[in-house]
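An overview of the molecular structure
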Amino acid sequence: MSDVAFQRCISPPCGESYGIYESLLSCKKCGHLLDVVYDWERLQPPTDWSYFEQKWSRRNDPLCFSGVWRFRDLLPFAPPEKIVTIGEGQTLLQKADEVAKYVNLNAGGLLLQYEGMNPSGSFKDNGMSAAFTHAQMIGAKRAACASTGNTSASLALYCAITRQMRAVIFIGSGKISYGKLSQALEYGALTVQIAGDFDDAMQRVQEVSRQLGIYLVNSVNPFRLEGQKTIMYRVLEALRWEVPDWIVVPGGNLGNSSSFGKAFAELKELGLIERIPRIAIINASGANTLWELFEQRGLRWNSGQPDKGIVDAYHAELDALQRRASTIASAIEINRPVNLYKCLRALELTDGVVREVSDQEMMDAKAQVGAGGYGCEPASAASVAGAKLLRNEGVIGAGDRVVCILTGHQLKDPDATVAYHTTDQDKFNQVLGSRGVKRAAFANRAVTVSNDLEEIIKAIQLYS
Ligand code: F0G
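Residues numbered from 1 in each chain as written. Predicted model: local features only at pLDDT ≥ 70, side-chain atom pairs only at ≥ 80, totals over all residues. Heavy atoms only, no water.

1. Brief notes about the layout of surface pockets
- One number sums up the size of the largest pocket: a volume of about 550 Å³.
- What lines the largest pocket is a set of 20 residues, and nearest its centre among them are Gly-31, Leu-33, Pro-337, Val-338 and Tyr-341.
- With four residues, helix H12 (residues 308-321) is the largest single contributor of residues to the lining of the largest pocket.
- Class assignment for the residues of the lining of the largest pocket results in ten nonpolar, six polar and four charged. (1 Å grid on protein atoms, 1.4 Å probe; cavity = no way out; pocket = protein on both sides within 12 Å on 5 of 7 lines; lining within 4 Å. Points joined across faces, edges and corners; volume = space filled by probe spheres on them. Helix = DSSP H or I, 4+ residues; strand = E, 2+ residues; numbered from the N terminus. Nonpolar A, V, L, I, M, F, W, Y, C, P; charged D, E, K, R; others polar.)

2. A short note on the sheet that holds strand S5 (residues 110-114)
- Reading across from one edge, S4-S5-S13-S10-S11-S12 is the order of the six strands in this open sheet, with mixed pairing throughout. Looking along the sheet, the strands with just one partner apiece sit at the ends: strand S4 (92-95) and strand S12 (353-357). The average undirected angle you get between the axes of adjacent strands in this sheet is 25°.
- In this structure, S4 lies alongside S5, joined through four bridges in antiparallel fashion. In the strand pairing of S5, Gln-94 is matched with Leu-112.
- Lying on the sheet, helix H9 (residues 222-238) is in contact with S4, S5, strand S10 (246-250) and strand S13 (402-406); it crosses S5 at an angle near 135°.
- Helix-sheet contacts for helix H13 (residues 340-350) involve strand S11 (278-284) and S12, and the interaxial angle to S11 is about 140°. (Pairing = 2+ DSSP bridges. Axes fitted to C-alpha atoms, helices over the stretch in contact; angles between N-to-C directions. Contact = heavy atoms within 4.5 Å.)

3. Side note on the pairing of strand S3 (residues 34-38)
- The element S3 is largely enclosed, with a buried count of five among its five residues.
- Note that strand S1 (residues 5-9) and S3 share five bridges and pair antiparallel. Paired with Arg-8 across the two strands is Asp-35, which belongs to S3. (Buried < 20%, exposed > 50% of the residue type's maximum accessible area, 1.4 Å probe, protein only.)

4. A look at helix H11 (residues 289-296)
- Within H11, six of the eight residues are buried, which leaves it mostly tucked inside the rest of the structure.
- Among all positions of H11, only Thr-289, Leu-290, Trp-291, Glu-292, Leu-293 and Phe-294 are buried.
- Looking one or two residues beyond H11, the residue adopting positive phi is Gly-298, at roughly 70°.

5. Describing the site of the ligand
- Contacts to the ligand come from 20 residues, most closely from Ser-147, Asn-150, Gly-252, Asn-253 and Thr-407.
- The contact in question runs from an oxygen atom of the ligand to an N or O atom on the side chain of Ser-147, over 2.7 Å.
- Side-chain polar atom of Thr-407 to a nitrogen atom of the ligand: 2.7 Å apart, as the coordinates give it.
- Here the ligand loses 99% of its free accessible area of 480 Å² to cover by the protein chains.
- Taking a 2 Å distance to the grid points as the criterion, the majority of the atoms of the ligand fall inside the largest cavity.
- For the shell around the ligand, the elements supplying multiple residues, two or more each, are helix H6 (150-162) and helix H10 (255-269). (Near = heavy atom within 4 Å. Polar contact = N/O pair within 3.5 Å; in protein donor to acceptor, adjacent residues only side chain to side chain. Areas by Shrake-Rupley, 256 points an atom, 1.4 Å probe, with all protein chains shown as cover. Sits in = over half its atoms within 2 Å of the grid points.)

6. Topic: the pattern of salt bridges
- Within the structure shown, the criterion is met by 31 salt bridges.
- We note a salt bridge from Glu-22 to Lys-28, for which the minimum N-O separation is 3.0 Å.
- You can call Glu-22 partly exposed: its relative accessible area is 28%.
- Its relative accessible area of 60% is what places Lys-28 among the exposed residues.
- The partner of Arg-234 in a salt bridge is Glu-115, with the nearest N and O atoms 3.0 Å apart. Taken together, the residues span a long stretch of sequence, with Arg-234 in helix H9 and Glu-115 in the loop between S5 and helix H5 (124-138) at a distance of 119 residues.
- Exposure remark for Glu-115: the relative accessible area of 0% places this residue in the buried category.
- One network of salt bridges, in which partners are shared, links Glu-226, Lys-229, Lys-262 and Glu-266. (Salt bridge = Lys/Arg side-chain N within 4 Å of Asp/Glu carboxyl O.)

7. Structural notes on empty space enclosed by the protein
- Per the counting criterion, the structure on display carries four cavities of 30 Å³ or more.
- Of the pockets and cavities examined, the largest cavity occupies roughly 300 Å³.
- Phe-123, Lys-124, Gly-252, Asn-253 and Ala-331 are, among the 26 residues lining the largest cavity, the residues nearest its centre.
- At the level of elements, H6, S10 and H10 are the ones that each hand at least two residues to the lining of the largest cavity.
- No other element matches the three residues that H10 contributes to the lining of the largest cavity.
- Roughly 40 Å³ of internal volume is contained in the second largest cavity.
- Contributing to the lining of the second largest cavity are Gln-7, Glu-22, Ser-23, Leu-24, Leu-25, His-134, Tyr-215, Leu-216, Asn-221, Pro-222 and Phe-223.

8. Description of the pairing of strand S8 (residues 190-194)
- Of the pairings in the sheet, the one linking strand S7 (residues 166-172) to S8 comprises five bridges and is parallel in character. Paired with Ile-171 across the bridge in S8 is Gln-193.
- Handedness of the crossover is the feature at issue here: the chain leaves S7, passes through helix H7 (residues 178-186), returns alongside S8, and the resulting connection is right-handed. (Right-handed = clockwise from strand over helix to strand, strands pointing away.)

9. Focus: the side chain of Ser-257
- Among the secondary structure elements, Ser-257 is positioned in helix H10.
- Once residues lying within four places of it in the same chain are set aside, the contact partners of Ser-257 are Val-249, Ile-279, Ile-281, Cys-343 and Ala-346.

10. With respect to the side chain of Asp-199
- Inspection of the secondary structure puts Asp-199 in helix H8 (residues 198-212).
- Of the side chains bearing the opposite charge, Arg-324 lies closest to the buried Asp-199, which forms no salt bridge; the N-O distance is 5.1 Å.
- Polar contacts involving the side chain of Asp-199 include one to the main-chain amide nitrogen of Arg-336, which spans 3.1 Å.
- Contact partners of Asp-199, with chain neighbours within four places excluded, come to Ile-334, Asn-335 and Arg-336. (Lys, Arg positive; Asp, Glu negative; His and termini not counted.)

11. As for the environment of Ile-281
- In this fold, Ile-281 is placed in strand S11.
- We classify Ile-281 as buried; its relative accessible area is 1%.
- Note: C-alpha distance between Ile-281 and Phe-294 (13 residues apart in sequence) is 11 Å.
- Contact partners of Ile-281, with chain neighbours within four places excluded, come to Val-249, Pro-250, Gly-251, Leu-254, Ser-257, Leu-290, Cys-343, Leu-347, Val-353, Val-354 and Arg-355.

Encoded structure:
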C-alpha cells in the first residue's frame, strides 16, 4: 500500500508528503494537519456502487461485515491482513416523521443516522478501527487519547477486545458523563484524570505521546478520520446512493465534519456522486469557537490560505477572559478544536454553514428524538436542534432532505436525561438549571402512587 497511499500536509503552500508507516500528529515542516491521500489512478477504485452491495452476500467475511471495511476500496491504506475490526458500523438511517414535524420539515424529509449503535455506543468506533489498523501496521504497543468520554470508551473497548495495545486516556476532572467513564474503567484503560478541561487534556496528551512514543488516536490522527468517512458511505447506501440536501452534524473537535468533507470530495472525484450535499455544523453556544470564527469573524479556508491572525486573536481573547467551554453537551465541551482548518476546508467544499444552539434547545430536541425511539445523548441532539434553527431561518427548505447525525447513544448520559424528565426540582436544577435549561417542555414524568393496588389501577386508568 505504501506506494499508492501516503500522508500529505493539508496546507497547499507546503504539501509535504510522508509515508503511511510514519506516525505523525502534524507536518514536520509547517505544523499543519495531515491527510491520508491516494493515487487513485493506480488504485483503480470501483466506479459503481453495486460493487459494495455485492459485499452484503459475503457477511461471514469480517471485512465485508464491518460497516467500515466493506468500503475499504475507498480508504485503501492497509493490507487486508493488518485490518482491525470488531464489527463496527452496523448503524441505522431512520426516517423520523414525528421529529420532522418538530423541525418543521415535510414528512419523509428528516432522517436520523444512529451512530450510537456502534459497539462502544458512539461514532468513534468507525475511526478507532481505522486508527487501530494503522497502529497494527506500525507495531504500536500503547495508545492514548484525550477525551470528553466517547473516544476514550472506544479506545478502551478496542484495547480490551483486541489485546493489541494498552490504553492510556486523559480526561478533564468532572467533565465526563458517568456512562462514558464507566466504560473506560470497566474495559481496563489506564485513566488519567487531570485538573483541567478537555482543551488542557488535549494539549497534554500530545506532549506526552510525543515524549513517550505512544500512539495517539485523537482525530489529529489522519487515519482515524479515514474510518469516519464511512458514516457518509452508509448514509448514501441507506438512501440507495441518492445524495441528500443536507448533512447536519454536531461540532466538537471537528473530526466528523472534516472527514465528511473529505469523503464527499473523493466520491465526486471518483465519479461515484454527481453533487455534494451541504454540511451544517452545530456548536453548543457554551462551546462555540467554530461558530464565532466562521459566522461572526469571517474566517474561511480561503483555498488553503486561512487568516490565522483571526484564530490567534480569538484564542488570546479566550485566555484573557479565562473563558472555558461550558455546556450540558459534555461531548462537545471544547473551545480549541484541533481540526479547525480541515473543517474550514470541508465548509468551503460543501458550501456549509455553522450555527450555535443553547443547552435548552439541545435538551428539547433530545427529548423529541427519544420520543421517536432509540434516542441520543445531549451533544448528538445539537444536530436536530440545529436543523430546526436552520429550517426556521429558511436556510433549509421545507422540502429538503436532511440527515442529522446522532453521534452517541442515549444511555451515555442518563443523568441529563433523568434530570430533564424528573419531578425533583433539586435534581433538575443541579444538572440542568445550572446550564441555563429552564423548562422541560417534553418531559415524560414518572407518576408516583402508593403501594396500593386500587391506587395503582386508578393512576393507570387516569394517565393511559
Ligand atoms: N458527538 C459526540 C457524542 C461526541 O462524543 C463528540 C466528540 C462529538 C459529537 C463531536 O465530534 O469532535 O468530530 O466534532 N467527542 C470527542 C471525545 C471529543 O473525546 O469523545 P467531533
